[in-house]
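Here is what each chain is made of, one letter per residue.
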Amino acid sequence: MSSLIEQLNESAKYIQSASTANPKIGIVLGSGLGNLATEIEVEQSIPYSDIPHFPVSTVEGHSGKLIFGKLNGVTVLAMAGRFHFYEGYTSAQVSYPIRVMKFLGIETILLSNAAGSVNPDYKVGDLMIINDHISFFTHNPLIGKNEKGLGVRFPDMSEPYDKKIITLAKSIGEKLQLHLHEGVYTAVTGPTFETHAEYRLIKAIGGDVVGMSTVQETIVAVHAGMKVFAISVVTDLGIREDNNVITHEEVLEAANAAEPKLTSLFKELVVALNN
Ligand code: HPA
């Protein structure tokens, strides 16, 4: 069995043999948010299943490919479909593609996700910039032997989400009248949605939204010295105590409906980051 660094090198080498593009910005598209990819002028599309050591996506609503192309004229590398802990992958596997991105020269990662809100001020379809997270309900992807070549043993997490990019995104949001919230993402393993008591707990400990992704990728990216910007699309309201049944279909539908707002933000953001 080859070492993690060797595996990452092999994955990156394969991808570089398929594309000569040199993007600095990576994008991860969350559940129901894959339409953003249709805005990318695709130069190269690589199925995850072709990439050595890449996990393969199984969940409905994820197409599972790496896309090299231009978003609003800016070269990007997008992951259409991500890996989740609830699919049975380890948290290190979930975040493996982020490390591959680092090996490919990506400096900034833009993450998106569908999330349930526990903040009474949020509505379905709203966007929330993630300015902090709570990761205690998931497995930390850095558990295990630390590869010095990737980052330090005990990484600082005082500012996982880049403040300058948040400021940039907020000003773009104002210009586009997107009414962006800013708050805390609480990561859970899923696949169950939360019970009433769990949603109440998440609210009580300072979470604004809750979801099943993003944080492991963020931790690995910060460990590797990459800048992270992350945003949630509110797809359901966890703290409604009346008939509050949540389904995956409803989550996908709400994410799909809000996706044009996310796309308009990302299109402007990549240009601003490129300057
Ligand atoms: N909880 C957890 N994950 C989610 C939710 C939720 O309410 N909505 C979308 N992803």
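Given the structure is predicted, the values throughout are model-derived calculations rather than measurements. (Residues numbered from 1 in each chain as written. Predicted model: local features only at pLDDT ≥ 70, side-chain atom pairs only at ≥ 80, totals over all residues. Heavy atoms only, no water.)

**What about the overall build of the protein chain?**
Looking only at helices and strands, the protein chain has seven helices and nine strands in total. Computed over its C-alpha atoms, the radius of gyration of the protein chain comes to 17 Å, within 12% of the 19 Å expected for a compact globule of 275 residues. Dimensions of the protein chain along its principal axes, counting C-alpha atoms only, are 55 × 40 × 35 Å. Out of the 275 residues in the protein chain, the part that is buried amounts to 54%. In the protein chain, the share of contacts with a sequence separation of at least 24, taken over all contacts with a separation of at least 6, comes to 82%. (Helix = DSSP H or I, 4+ residues; strand = E, 2+ residues; numbered from the N terminus. Rg over C-alpha atoms; globule rule 2.2 N^0.38 Å. Buried < 20%, exposed > 50% of the residue type's maximum accessible area, 1.4 Å probe, protein only. Contact = heavy atoms within 4.5 Å.)

**A word on the environment of aspartate 242**
Secondary-structure assignment places aspartate 242 in the loop between strand E9 (227-237) and helix H7 (248-274). Sequence-wise, aspartate 242 and phenylalanine 266 are 24 residues apart; in three dimensions their C-alpha atoms are separated by 35 Å.

**Re the site of the ligand**
Residues in contact with the ligand, as listed here, are Ala114, Ala115, Gly116, Phe193, Glu194, Tyr199, Val210, Gly211, Met212, Thr235, Asp236 and Val251. Side-chain polar atom of tyrosine 199 to an oxygen atom of the ligand: 2.7 Å apart, as the coordinates give it. Aspartate 236 places a polar side-chain atom, nitrogen or oxygen, 2.6 Å from an oxygen atom of the ligand. Burial of the ligand by the protein chains amounts to 96% of its free accessible area of 260 Å². (Near = heavy atom within 4 Å. Polar contact = N/O pair within 3.5 Å; in protein donor to acceptor, adjacent residues only side chain to side chain. Areas by Shrake-Rupley, 256 points an atom, 1.4 Å probe, with all protein chains shown as cover.)

**A look at the packing of aromatic side chains**
In this structure the tally under the stated criterion is six aromatic pairs. Both rings, one in phenylalanine 54 and one in phenylalanine 83, keep their centres 6.1 Å apart while their planes meet at 75 degrees; by these two values the pair is edge-to-face. One end of the pair, phenylalanine 54, is in the loop between strand E2 (40-47) and strand E3 (65-71); the other, phenylalanine 83, is in the loop between strand E4 (74-80) and helix H2 (91-94), and 29 residues separate them in sequence. Per residue, the accessibility class of phenylalanine 54 equals that of phenylalanine 83, and both read buried. Taking the centre distance of 5.4 Å and the plane angle of 80 degrees together, the rings of phenylalanine 83 and tyrosine 89 count as edge-to-face. With respect to class, phenylalanine 83 is no different from tyrosine 89; both count as buried. Put simply, the rings of Tyr48, Phe54, Phe83, Tyr89 and Tyr96 touch in pairs and so form one group of aromatic residues. (Phe/Tyr/Trp six-rings, centres within 6.5 Å; stacked < 30°, edge-to-face > 60°.)

**Focus: a nonpolar patch on the surface**
On the surface, Phe136, Phe137, Leu201 and Ile205 cluster together into a nonpolar patch covering about 430 Å² of accessible area. Summarising the element assignment, phenylalanine 136 is placed in strand E6 (residues 127-137). (Patch = residues over 30% accessible without salt bridge, like charges linked within 9 Å, V, L, I, M, F, W, Y side chains within 5 Å. Salt bridge = Lys/Arg side-chain N within 4 Å of Asp/Glu carboxyl O.)

**So, the nonpolar core**
Residues Ile27, Phe229 and Phe266 are the most contacted members of the largest nonpolar core, which totals 83 residues. Examining the composition of this core, we find that eight residues originate from one element, H7, more than from any other. (Core = buried A, V, L, I, M, F, W, Y, C linked by side-chain atoms within 4.5 Å.)

**With respect to the side chain of asparagine 119**
Secondary-structure assignment places asparagine 119 in the loop between strand E5 (108-117) and E6. Given a relative accessible area of 14%, asparagine 119 falls into the buried group. One polar contact links the side chain of asparagine 119 to the main-chain amide nitrogen of aspartate 121, over a distance of 2.8 Å. When sequence neighbours within four positions are dropped, the list of residues in contact with asparagine 119 reads Asp208 and Ile239.

**A look at the environment of glutamate 107**
Looking at where glutamate 107 falls in the secondary structure, it is placed in the loop between helix H3 (96-103) and E5. Along the primary structure glutamate 107 and valine 184 are separated by 77 residues, whereas in three dimensions their C-alpha atoms are 23 Å apart. In this structure glutamate 107 touches Lys24, Met226 and Lys227, once residues within four positions along its chain are discounted.

**With respect to unusual backbone geometry**
In the segment running from glycine 190 into proline 191, the intervening peptide bond is cis, with an omega of 0 degrees. Residue placement: proline 191 occurs in the loop between strand E7 (181-188) and helix H5 (196-204). Positive phi, normally seen in glycine, also occurs at histidine 53, with a value near 75 degrees. Looking at the secondary structure, you find histidine 53 in the loop between E2 and E3. One non-glycine residue, glutamine 177, adopts positive backbone phi at about 55 degrees. In this fold, glutamine 177 is placed in the loop between helix H4 (163-175) and E7. Glutamine 177 sits in the exposed class, given a relative accessible area of 63%.

**Quick notes on the side chain of arginine 99**
Within the secondary structure layout, arginine 99 lies in helix H3. As a buried residue without a salt bridge, arginine 99 has its nearest oppositely charged side chain in glutamate 147, at a separation of 8.2 Å. In this structure, arginine 99 is in contact with Leu4, Leu8, Leu142, Leu150, Val220 and His223, ignoring residues within four places of it in sequence. (Lys, Arg positive; Asp, Glu negative; His and termini not counted.)

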